[in-house]
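Reading the structure
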Amino acid sequence: MRISTTQIYRQGIEAFGQQQVKLSKLQQQISTGVKLTKPSDDPAASSRALELQQSISIRTQYQVNITLADNRLSLEETTLASIETMIFRLKELAIQSNNAALDQVSLRAIAVEVEERTEELLSLANTRDGNGDFLFAGYQSTTQPFVDSITGSIQHVVYNGDQGQRSLQISESRQITVDNSGSELFMELSSVTALNETTAAANTGTGVMAPAHVFDASVYVPGPYEIRFTAPGVYDVFDVTNAVNIVTGATYTDSADIDFQGIRTSITGVPSAGDVFSVDQGQYKNMFESLTTLSETLRSFVSNAQKEANIAGFLTELDDFQSRVLDVRTSIGGRLNALDAQREINDASIVVTKNTLSTLRDTD
């Protein structure tokens with residue numbers, strides 16, 4: 001077969017063009033430092049490079065999560081440290097007030113500080129993080145968890161959060177808890193004077209029962225009791241265990257104290273004849289209730305026996321609260337250490353992955 005001169009020239013020009021394309025590609029790789037400019041350059045390497053880039057992005061997000069978790073746990077640890085300092089002061093005040101030589105003026109002065117410390121505890125329990133989320137609200141992070149309220153004559157704190165604990169992913173196989181439930185920390189303290197109150201489902205009146213508490217531990221008698229309205233404005237207090245009335249024909253006053261066997265509660269509204277409100281032993285009481293009882297004890301003209309019994313109970317509950325705070329702080333310390341360790345692991349993994357990606361994608 002004959003090859004014409006024109007064909008030879010054409011082949012030469014095409015060869016020069018191909019070399020020019022290769023040269024241009026090499027110059028682009030040199031200038032950008034990347035040899036995989038499009039998937040067709042090396043389909044297998046491009047696919048692997050994409051996987052590695054995704055891996056780096058995921059691990060980078062884990063590092064962001066670790067920083068968020070570290071900030072939130074550090075804030076919680078700082079908050080609990082402030083609470084622990086407050087506990088020491090409350091213990092000093094309780095021991096100081098348990099002195100028969102102190103007059104009522106001195107006791108009321110101590111009560112004022114106890115009330116200030118109660119407000120401080122309420123403020124710390126409602127701490128927000130940098131995003132404005134409440135620290136101790138569980139999953140209800142946008143709802144203020146602890147709210148001061150009053151029902152009848154009884155002042156009390158209502159918890160509006162839940163028992164959830166939020167977690168963040170810090171590696172492919174690990175999540176870490178970044179908060180603690182306020183219910184567990186502040187509202188579930190074991191106490192021999194814990195009470196539960198219930199309203200009978202069959203009640204027809206508008207009476208609402210306030211939380212019951214032991215206001216006089218020196219005469220407190222545990223057991224189930226019922227406040228039974230025998231007529232509008234008249235009630236009995238019935239001892240269920242002994243099947244006997246311990247209060248008979250008492251006159252009901254809306255929002256007034258109802259006291260029996262060292263227990264105090266209150267009812268607001270208009271109960272009907274036949275309505276029943278029950279008080280029984282409970283398992284838990286909250287720290288705010290303990291503080292309120294201490295303040296009431298110091299402000300009132302109570303006997304030394306009542307004061308000593310109430311303060312002894314408060315100190316026991318305060319020790320339980322302190323142990324709970326220490327347990328949570330210990331847990332937070334362990335989680336912070338785990339975050340530091342996982343951060344180093346993620347950093348090392350990112351470096352190795354980037355080196356592997358470089359061998360596939362970057363210009364030699």
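Structure's up top.
Structure report, in brief. Note that the coordinates shown come from a computational prediction; the quantities given were computed from them, not determined experimentally.

Criteria and cut-off values
Residues numbered from 1 in each chain as written. Predicted model: local features only at pLDDT ≥ 70, side-chain atom pairs only at ≥ 80, totals over all residues. Heavy atoms only, no water. Helix = DSSP H or I, 4+ residues; strand = E, 2+ residues; numbered from the N terminus. Buried < 20%, exposed > 50% of the residue type's maximum accessible area, 1.4 Å probe, protein only. Contact = heavy atoms within 4.5 Å. Salt bridge = Lys/Arg side-chain N within 4 Å of Asp/Glu carboxyl O. Core = buried A, V, L, I, M, F, W, Y, C linked by side-chain atoms within 4.5 Å. 1 Å grid on protein atoms, 1.4 Å probe; cavity = no way out; pocket = protein on both sides within 12 Å on 5 of 7 lines; lining within 4 Å. Points joined across faces, edges and corners; volume = space filled by probe spheres on them. Phe/Tyr/Trp six-rings, centres within 6.5 Å; stacked < 30°, edge-to-face > 60°.

Before going further, it helps to spend a moment on the environment of I267. Relative to the helices and strands, I267 resides in strand β13 (residues 263–268). For I267, a relative accessible area of 0% puts it in the buried group. Each C-alpha atom, one on I267 and one on P211, is 9.4 Å from the other, the two residues being 56 residues apart in sequence. Apart from residues no more than four positions distant in its own chain, I267 is found in contact with G207, V208, M209, I227, F229, Y252, T253, D254, S255, A256, I258 and F277.

Further remarks concern the pattern of salt bridges. Overall, the coordinates contain 20 salt bridges when judged by the stated rule. We note a salt bridge from R329 to E77, for which the minimum N-O separation is 2.4 Å. Here the residue R329 occupies a position in helix α6 (residues 304–361), and E77 occupies one in helix α2 (residues 43–97), the gap between them amounting to 252 residues. D257 serves as the salt-bridge partner of R264, at 3.6 Å between the closest nitrogen and oxygen. Looking at R264, the relative accessible area reads 17%, which means it is buried. Taken together, the salt bridges that share partners define one network made up of R72, D129, D133, R166 and D179.

Counting residues in hydrophobic clusters, the biggest one holds 45 residues, and the most contacted among them are I83, L121, F146, F186, F288 and F321. Elements that contribute at least two residues to this core include exactly α2, α3 (104–125), β2 (154–159), α4 (182–187), α5 (287–299) and α6. Non-local contacts of F288, meaning those with residues more than four positions away in its chain, are made with T118, L121, L122, A125, F146, V157, F186 and M187. In terms of nonpolar packing, the next biggest core, distinct from the first, is built from 18 residues, V214, I227, A250 and I258 among them.

To continue, consider the layout of surface pockets. Volume-wise, the largest pocket comes out at about 380 Å³. Looking at the largest pocket, it is lined by 22 residues, and the ones nearest its centre are H156, V157, P211, N286 and E289. Counting only elements with at least two residues in the lining of the largest pocket, the list comes to β2, β6 (195–199), β15 (284–285) and α5. It is β2 that provides the largest number of residues to the lining of the largest pocket, a total of six residues.

Here we come to the packing of aromatic side chains. This structure, assessed with the given rule, holds 10 aromatic pairs. Ring geometry for F146 versus F288: centroids 5.6 Å apart, planes at 50°, classification tilted. Within this pair, whereas F146 is found in strand β1 (residues 146–151), its partner F288 is found in helix α5, the two being separated by 142 residues in sequence. Each member of the pair, F146 as well as F288, is classed as buried. A centroid spacing of 5.7 Å and a plane angle of 50° characterise the contact between F229 and Y235, whose relative ring orientation is tilted. Of the two residues, F229 and Y235, neither departs from the other in class, the shared state being buried. Ring-pair connections join several aromatic residues into one group, and the members of that group are F136, F146, Y159, F186, F288 and F321.

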